[in-house]
Amino acid sequence: MTTPALLPLSGRRIPTLSPGASSFPHHRATLRLSEKFILLLILSAFITLCFGAFFFLPDNSKHKRFDLGLEDVLIPHIDSPKEGKHASGQVVIHGQGGHDEHRHREEEESLRDKIRADHERALQEAKEKLRKSRVELQAEIQTEKSKVMEDLKKKDAGPKPLPPVPMPKVVGVSDGEPPEPDVKEKRDKIREMMKHAWDSYRQYGWGHNELKPLAKKGHSTNIFGNSQLGATIVDALDTLYIMGLHEEFKDGQEWIEQNLDFGVNAEVSVFEVNIRFIGGLLAAYYLSGQEVFKLKAVQLAEKLLPAFNTPTGIPWAMVNLKSGVGRNWGWASAGSSILAEFGTLHMEFVHLTYLTGNPAYYQKVMHIRKLLAKMDRPNGLYPNYLNPRTGRWGQHHTSVGGLGDSFYEYLLKAWLMSDKTDTEARKTYDDAIEAIERHLIRKSNGGLTFIGEWKNGHLERKMGHLACFAGGMFALGADGSPDDKAGHYLQLGAEIAHTCHESYDRTVLKLGPEAFKFDSGLEAVAVRQNEKYYILRPEVIETYWYMWRFTHDPKYRQWGWEAAQVNNYCRVSGGFSGVKDVYSSNPTYDDVQQSFFLAETLKYLYLLFSSDDLMPFESWVFNTEAHPLPVLHLEEMEREPRAQTTAAWRGR
């Protein structure tokens, strides 16, 4: 069942006159409209008189309030994080002990003079309206109506066109066919899996955010609010393009052109919408050159900017796309924002500034970086929680898995995306990884290298599936490491890849659990029932791909093909589903085909069995949702009007 078409952002549900219809069908209607207009003016004047009289009456309570002085006045403030703050987000402004009563009287008198002037002006305007003849009033109404119609035409014409931008050099976006027949056969199989996932969504969940493959209907979660934004379509576009599924890509593009509307009353996750929608739309634009993707990305980005209206500039976790009102998750350490969420905006926002010439996006993410640089970090580690009102850390919990992961990834990738000129990002990454190595990375009794979690001074010997991406990150960041440690970090990446492969190999289904422990004689095994599930996650395969690119060790393709056996255990007639227990030979399905399965898991598998000239690292950097964005070279950034962003590449 398809959803009804949504209006584009620039559209309005306002009735318009049919061509040739008269604005005033007959005289009686016109006369009635004029009489109503005059009555409205008289009523307006009366209300203005009452309003003015109310303010001119003596108000003892007001005088008493001024007598209090300035000590207890609360002033809302969003620009400066330097003042002391209440939990409400207001700032206490501490004044002097005394007060100047004469100055307050002057302020009151000035306020009354302003109200008196406004009152007299409103009365004068009302008198002038009443003196006009019926013909003059009709002409005035017609003028106002024409002005409204002209404004509507401007809005219907669509958003303001974006400035022309030189397209970065785009290479290696297609083909990549491997020379080995057996490898090609595996790649073709993965392409067929993508076709099955997409066709199932196209048939049973089209326009919905995700798919319930067993129930064969649409599915959504609270990260997308209550609206059907077609998350799977946007998330899958670049995978379709890279795999050469151009008819499917065209279907997705048509849905986006006709239905994708961000002017809806929906509260969405800023992080998830950024990495999936803005990242996906930007990648589709750079790959295909189709302007609609760029325009939609910018429309959505404008809707996310109000999330940054906090006392510190650290954005809220969620924002309402219509009202711009933001808030944080209720479970996040006393109303804190989350490191992996506000720290995973840089790549997309720098590209937004590049494409629009609007420095606001770049400034927002650079403000976050500068604020973090000034803060004390316990043991050099970044806690996962930061309060956007107070600018103070929340609970001292540090993780390279969930809540922290992509913050570190984006530091490294900011440097790579800048053609390795954003040295500030690289230095911040190196310092963070050094602290992580010192405090979080350990070897188990069985010789497995793992990344634990730091909680209030204690190391928890547990690693999440999400943290398995770090093997690829260490390999990607090896070149350029300080003190000639490139070999060390490539080896560290290989050790993490091996540990995560063990977490897969020690299950019945040969699919990895959500989290696994390294204590009490158990290694790389999930203990709790709620950690035994697999929801089609990509992080282990992501690391296999990076390790393959840097080493060409055939074991990574072998391990990747083992992971591709998701086709055997998770494939159903209506798509692909996660499973609730990877240690059971007869698992229960969770009945969700995640959008990231098409965006990441299948894309990384396809690239693993492709030649290296498909999406080469010299030209592309993948965001945390596997959406490729081109490297922006300094000479491109210095072309007008891109000077606003050039400082980013210089590490300022």
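Residues numbered from 1 in each chain as written. Predicted model: local features only at pLDDT ≥ 70, side-chain atom pairs only at ≥ 80, totals over all residues. Heavy atoms only, no water.

The name an unreviewed UniProt entry assigns to the protein chain is alpha-1,2-Mannosidase, from the organism Sparus aurata. Under the UniProt heading Sequence similarities (unreviewed entry), the entry covering the protein chain gives this text: "Belongs to the glycosyl hydrolase 47 family." (UniProt positions renumbered as here; feature names shortened; annotations may be inferred.)

Undergrad: I keep staring at the overall build of the protein chain and nothing clicks. Help me out?
TA: Along the protein chain, the regular secondary structure elements total 22 helices and 21 strands. Evaluated residue by residue, the protein chain yields a buried proportion of 52% over its 652 residues. For the protein chain, long-range pairs separated by at least 24 residues make up 69% of all intrachain contacts whose partners lie at least 6 apart in sequence. Of the roughly 29,400 Å² of accessible surface on the protein chain, 53% is carried by carbon and sulfur atoms. (Helix = DSSP H or I, 4+ residues; strand = E, 2+ residues; numbered from the N terminus. Buried < 20%, exposed > 50% of the residue type's maximum accessible area, 1.4 Å probe, protein only. Contact = heavy atoms within 4.5 Å. Areas by Shrake-Rupley, 256 points an atom, 1.4 Å probe, with all protein chains shown as cover.)

Undergrad: So what exactly am I meant to see when it comes to the UniProt feature "active site" (unreviewed entry) in the protein chain here?
TA: As recorded in UniProt, the sites labelled "active site" (unreviewed entry) are Glu-272, Asp-405, Glu-514 and Glu-539. Checked against the lining of the largest pocket, the annotated residues reduce to Glu-272, Asp-405, Glu-514 and Glu-539. Looking at where Glu-272 falls in the secondary structure, it is placed in helix H8 (residues 270-288). By relative accessible area, which is 15% here, Glu-272 ends up buried. Not counting residues up to four positions away in its chain, the partners in contact with Glu-272 are Ile-223 and Phe-277. Inspection of the secondary structure puts Glu-539 in helix H17 (residues 539-551). Residue classification places Glu-539 among the buried positions, given a relative accessible area of 8%. Residues contacting Glu-539, with those up to four places away along its chain left out, are His-465, Leu-466, Cys-468 and Phe-469. (1 Å grid on protein atoms, 1.4 Å probe; cavity = no way out; pocket = protein on both sides within 12 Å on 5 of 7 lines; lining within 4 Å.)

Undergrad: I'm lost on the layout of surface pockets in this one. Help?
TA: It is the rolling of a water-molecule-sized probe over the atoms that shows where space remains empty. Looking at the largest pocket, its volume works out to about 1,200 Å³. Around the largest pocket, the lining is made up of 44 residues, and of these Glu-272, Gly-402, Leu-403, Leu-466 and Arg-537 lie nearest the centre. Contributions of two or more residues to the lining of the largest pocket are made by H8, helix H10 (339-342), helix H13 (405-417), strand E13 (453-455), strand E15 (462-464), H17 and helix H20 (595-608). With four residues, H8 is the largest single contributor of residues to the lining of the largest pocket. The residue inventory of the lining of the largest pocket, partitioned by class, reads 15 nonpolar, 13 polar and 16 charged. (Points joined across faces, edges and corners; volume = space filled by probe spheres on them. Nonpolar A, V, L, I, M, F, W, Y, C, P; charged D, E, K, R; others polar.)

Undergrad: Can you help me understand the environment of Gly-172 in this one?
TA: Position of Gly-172 relative to the elements: it lies in the loop between helix H4 (134-156) and helix H5 (181-204). The sequence separation of Gly-172 and Trp-620 amounts to 448 residues, and the corresponding C-alpha distance is 9.1 Å. Apart from the residues within four sequence positions on either side, Gly-172 is in contact with Asp-613, Leu-614, Met-615 and Pro-616.

Undergrad: Could you clarify how one ought to interpret the sheet that holds strand E7 (residues 326-327) in this entry?
TA: In space, the three strands of this open sheet follow the order E5-E6-E7, with antiparallel pairing throughout. Across the chains shown, the open sheet's two edge strands, defined by having one partner strand only, are strand E5 (267-269) and E7. Taken together, the two bridges between strand E6 (residues 318-320) and E7 define a ladder with antiparallel strand orientation. Across the sheet, Val-319 pairs through a bridge with Gly-326, a residue of E7. Those strands touched by H8 are E5 and E6, and its axis lies near 70° from that of E5. (Pairing = 2+ DSSP bridges. Axes fitted to C-alpha atoms, helices over the stretch in contact; angles between N-to-C directions.)

Undergrad: Would you mind showing me how to read the environment of His-465 here?
TA: Assignment of secondary structure puts His-465 in the loop between E15 and helix H15 (470-476). For the pair His-465 and Arg-537, spaced 72 residues apart in the sequence, the C-alpha separation amounts to 7.9 Å. Look past the residues within four positions of His-465 in its chain and what remains in contact with it is Tyr-504, Gly-512, Pro-513, Glu-514, Ala-515, Phe-516, Tyr-534, Arg-537, Glu-539 and Val-540. A distance of 3.0 Å separates a polar atom in the side chain of His-465 from a polar atom in the side chain of Glu-539. (Polar contact = N/O pair within 3.5 Å; in protein donor to acceptor, adjacent residues only side chain to side chain.)

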